[in-house]
Amino acid sequence: MGNVSDTNGVLVPVSPSPTLEETVEYAVDAVERGDGGGGAVHLVLTAPGHHVGDEGLDRDETLLSTAERYATEAAGSGVSIRTSMLGTDEYFADPVNHFELLVDYVAEHDLDRVIIDPDYSVDATAHVLQNMETVLAESNIRYEVAPVSRSWRPTGPELIRGGVIAAMAFGFYVALGGPTYPFALWTGAVTALITAVLLRNVAFERTPHVGSALATLGRGVVFVPYLLWEIAKANVQFAYVVLHPSLPIDPCLDRVDAAVGDGLSVTAFANSVTLTPGTLTVDTVGSELLVHSLAPSARKDLAEGLHERAVRILFYGREGADLPGPLARGDMEPVVQSADAVAGAGASAGDESGGEADD
Amino acid sequence: MTLLTATIVLFVALGVFFTLVAAVGVLRLPDVYTRSHAATKADTLGAGFTIVAVGIYFGTTGEILRTALLLVFIYITNPTAAHSITRAAYSQDVEVWTTDKNDSAAERGGDSP
């Protein structure tokens, strides 16, 4: 038989849900009831995106230790409790990445099965949206959903998200329509409330945090004029290129792995790349962008991380700027480029030779 | 009053100029990717200047707020649209035009790294 924990190990993905305690208790119970009479409960939290600063790390650590406390309170002598935080040094743009981490963990520790909290969610996204069960089933991992009663009451994070959505929806309505009489205001408020209830688990990728949201908003005040200025410059350059009789362009296609975290920052990065000097985001897979550039100068800006730095400062603050550009990091490789560009870039551009459209 | 009118005319003229550049770009540039550059960039600034002119013309806080919102949405949707068009092209394996292809078939794919 070998080690006890190998034969009867259970993984419980941890997330801030109202049914966490019951799920952990159920898992501990299940391990105790199992043959061999003991085993290990692995409480695992996936928490990517703590690259810059320790913002949010405290909350995650508290959550994990809370889960551990539930488990030790419920556990008898035969059950060992282990906790683990995964993915802290990675950037995720897709909820599925969280599940893949869990799958890797299960394989690594040779665990028996996964017990899922019915209210498990990757922070702010509704559990119905990304189907963890599908990923687990595809990887041939046994799982069960803990039979715990789900409560009707909204959780704290849900209230925050709902409140923010309601405020934004109502503010937008007032700004656009400018209603003045009570009936319009009341119906507007009711509509905003319905929107908030429906979208509370859809609209945000992670629960907004007042401090960091205000900081991002403050930095946005700097970022937006900067972006507008870059757009204006891009246009003047573009007008020159387009109206020039010989049309001096040298298009290239590059794959860039952007050092930005979640969906919002990747979107901001991709869109600012598209809006600024001669670069255009063609495709994204996670944080990996396929960028088409019109001329070598635009490509150089991209390689040096001009846009990336701006977006990182926007979302992560000052420390976000202390990172070399994608080319220096080795996160940029050409996909399609002309012979001229290859000669011009020399040995520094990378090991890929210029070729036809796709790999 | 005349200064105001002159400012409005200036912004509309700039808007028209950059929209024209976008149109010329779409016509002159060689493939779907480069044409998308034209459609997003010049167009975005063209629309931007025009909207600024509209905001100045109406002049009241409400209208300025609304035109500013209009601009915000153009700046979000425009790159997104360009992205989805080029993405569709790329997934259909539309070739990326490079300067090599201009040298009329004589030496294509000279694969020196």
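Just above sits the structure.
Residues numbered from 1 in each chain as written. Chains lettered and ligands numbered in written order. Predicted model: local features only at pLDDT ≥ 70, side-chain atom pairs only at ≥ 80, totals over all residues. Heavy atoms only, no water.

**Topic: the overall build of chain B**
- When its secondary structure is counted, chain B shows three helices and zero strands.
- Tracing chain B from N to C terminus, the helices and strands come up as α-α-α.
- Expressed as a percentage of its 113 residues, the buried residues of chain B come to 36%.
- Split by element, the accessible area of chain B, about 6,300 Å² in all, is 68% carbon and sulfur. (Helix = DSSP H or I, 4+ residues; strand = E, 2+ residues; numbered from the N terminus. Buried < 20%, exposed > 50% of the residue type's maximum accessible area, 1.4 Å probe, protein only. Areas by Shrake-Rupley, 256 points an atom, 1.4 Å probe, with all protein chains shown as cover.)

**Notes on empty space enclosed by the protein**
Residue and element names in this part refer to chain A.
- Counted by the stated rule, this structure contains one cavity of 30 Å³ or more.
- In this model, the largest cavity occupies a volume close to 50 Å³.
- As for the largest cavity, its lining consists of Phe223, Tyr226, Leu227, Glu230, Ser272, Thr276, Leu306, His307, Ala310 and Val311.
- Split into classes, the residues belonging to the lining of the largest cavity amount to six nonpolar, three polar and one charged. (1 Å grid on protein atoms, 1.4 Å probe; cavity = no way out; pocket = protein on both sides within 12 Å on 5 of 7 lines; lining within 4 Å. Points joined across faces, edges and corners; volume = space filled by probe spheres on them. Nonpolar A, V, L, I, M, F, W, Y, C, P; charged D, E, K, R; others polar.)

**Quick word on helix 10 (residues 296–303) of chain A**
Residue and element names in this part refer to chain A.
- Every buried residue belonging to helix 10 is among Ala298, Arg299, Leu302 and Ala303, and all of these are buried. For helix 10, the buried positions fall inside an angular range of 140 degrees around the axis, keeping them on one side.
- In the segment just after helix 10, Gly305 is the residue with positive phi, at about 80 degrees. (Arc of directions from axis to C-beta.)

**What to know about the nonpolar core**
- The biggest cluster of nonpolar side chains holds 41 residues, and the ones touching the most others in it are Phe238 and Phe269 of chain A together with Leu29 of chain B.
- Element by element, the count of residues in this core is highest for helix 8 (residues 210–243) of chain A, at seven residues.
- Membership of the second largest hydrophobic core comes to 23 residues, among which are Val24, Ala67, Tyr70 and Ile81 of chain A. (Core = buried A, V, L, I, M, F, W, Y, C linked by side-chain atoms within 4.5 Å.)

**Describing the packing of aromatic side chains**
- Tallying each qualifying case throughout the model produces six aromatic pairs over all chains.
- Where Phe170 of chain A meets Tyr173 of chain A, the ring centres are 6.4 Å apart and the plane angle is 45 degrees; that geometry is what we call tilted. Taken together, the residues span about one helical turn, with Phe170 of chain A and Tyr173 of chain A both in helix 6 (residues 156–177) at a distance of three residues.
- For Phe170 of chain A, a relative accessible area of 27% gives the class partly exposed.
- Classification of Tyr173 of chain A by relative accessible area gives partly exposed; the value is 32%.
- Following the ring pairs from residue to residue traces out a cluster consisting of Phe11, Phe17, Phe18 and Phe49 of chain B. (Phe/Tyr/Trp six-rings, centres within 6.5 Å; stacked < 30°, edge-to-face > 60°.)

**What about the interface of chain A and chain B?**
- The interface is formed by 48 residues belonging to chain A together with 43 residues belonging to chain B.
- If you look at where chain A meets chain B, you find one salt bridge.
- Of all elements in the fold, only helix 6, helix 8, strand 6 (252–257), helix 9 (263–275), strand 7 (279–285), strand 8 (288–293), strand 9 (332–336) and helix 13 (339–345) of chain A reach the threshold of two or more residues within the side of chain A that touches chain B.
- Per-element accounting of the side of chain A that touches chain B gives the leading share, nine residues, to helix 8 of chain A.
- Here the side of chain A that touches chain B is composed, by residue class, of 27 nonpolar, 15 polar and six charged. (Contact = heavy atoms within 4.5 Å. Salt bridge = Lys/Arg side-chain N within 4 Å of Asp/Glu carboxyl O.)

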